[in-house]
Amino acid sequence: LLCIFGGSLAIEMTFTLQEHEVQCFHEVIPKDKKISLEYQVISGGHFDIDCHMMSPNSKTLYKENRKQYDTFHHKTIEAGEYTFCFSNEMSTFAHKTVYFDLDLDDESLDAPGQDGEGAHATALTQLESSAYAIHESLRLVVDYQNHHRLKERIGREVAEYLCERVQNWSIGQTVLIVVVAFGQVFMLRKLFDKPAPRGGKVGI
């Protein structure tokens, strides 16, 4: 999902990372851009992942291991292709679902309607400023909605995992109760079963 608003660019994606797998993403970013990378593990394993980001000259800008979620802010000092990778190499059997959001804002861009003269320019500035404020508020609402969706999905994953564990535990307990019941019946029958007398009748 890619959204472009004025001087901002937002890239959102949810993907599955298999065990021992590394996935890298590349984005060409101009100079003097303020970038924000936010990621979160939605499901899988211990909800942890490795993440690192590199500049066009292969310089490490960010590197964290075994994080469930984090946010990284940076202002680019050079233009080029930036790379950020997610690694699940530490996991031997659990695949993970990862969500990330990459925001690019141009600090050189201000609110519209800064130029002009007279009453017309003032009215236009007020109108454009209001539209710009509404736009920023809507972006904030979208961010809040995404975070709430992530929390809801994580909660659902945890609930389904606990439900599966409880169900397996209940099945195990049921099987154990049945086995113990049959064992007790068998033991009681052995206790009350008398062996048949051997030989003939004994005279008096």
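Above: the structure in question.
Residues numbered from 1 in each chain as written. Predicted model: local features only at pLDDT ≥ 70, side-chain atom pairs only at ≥ 80, totals over all residues. Heavy atoms only, no water.

Q: Quick one: what's the story with the pattern of salt bridges, residue by residue and with numbers?
A: Per the stated rule, a full pass over the model turns up three salt bridges. In this structure, D48 and R66 form a salt bridge, with 3.2 Å as the shortest nitrogen-oxygen distance. Residue D48 is located in the loop between β4 (33-43) and β5 (49-54), and its partner R66 is located in strand β6 (residues 60-67); the two are separated by 18 residues in the primary sequence. Between D48 and K96 there is a salt bridge; the shortest N-O distance is 2.8 Å. With a gap of 48 residues between them, D48 in the loop between β4 and β5 and K96 in strand β9 (residues 96-106) connect regions that are remote in the sequence. Taking the relative accessible area as the measure of exposure, D48 reaches 10% and is therefore buried. Each of D48, R66 and K96 takes part in one network of salt bridges that share partners. (Salt bridge = Lys/Arg side-chain N within 4 Å of Asp/Glu carboxyl O. Helix = DSSP H or I, 4+ residues; strand = E, 2+ residues; numbered from the N terminus. Buried < 20%, exposed > 50% of the residue type's maximum accessible area, 1.4 Å probe, protein only.)

Q: Which residues make up the sheet that holds β5, and what values do they have?
A: Strand order in the open sheet made by the four strands is β3-β8-β5-β6, with antiparallel pairing throughout. Looking at strand neighbours, the two that pair on one side only are β3 (22-29) and β6, the edges of this open sheet. Strand-to-strand, the axes of this sheet are offset by a mean angle of 10°, without reference to chain direction. Where β5 lies against β6, five bridges are found, and the strand directions are antiparallel. Opposite M53, over in β6, you have Y62 as the bridge partner. (Pairing = 2+ DSSP bridges. Axes fitted to C-alpha atoms, helices over the stretch in contact; angles between N-to-C directions.)

Q: Run through the packing of aromatic side chains, naming residues and quoting values.
A: Where two aromatic rings form a pair, the distance of their centres and the angle of their planes describe that pair. Applying the stated criterion across every chain, the model contains 12 aromatic pairs. Centre to centre, the rings of Y62 and F72 are 5.0 Å apart; their planes meet at 35°, and the pair counts as tilted. Here the residue Y62 occupies a position in strand β6, and F72 occupies one in strand β7 (residues 69-75), the gap between them amounting to 10 residues. F72 shares its class with Y62; the two are buried. Between the aromatic rings of F84 and F86, the centroid separation amounts to 6.2 Å while the plane-to-plane angle is 85°, which identifies the pairing as edge-to-face. (Phe/Tyr/Trp six-rings, centres within 6.5 Å; stacked < 30°, edge-to-face > 60°.)

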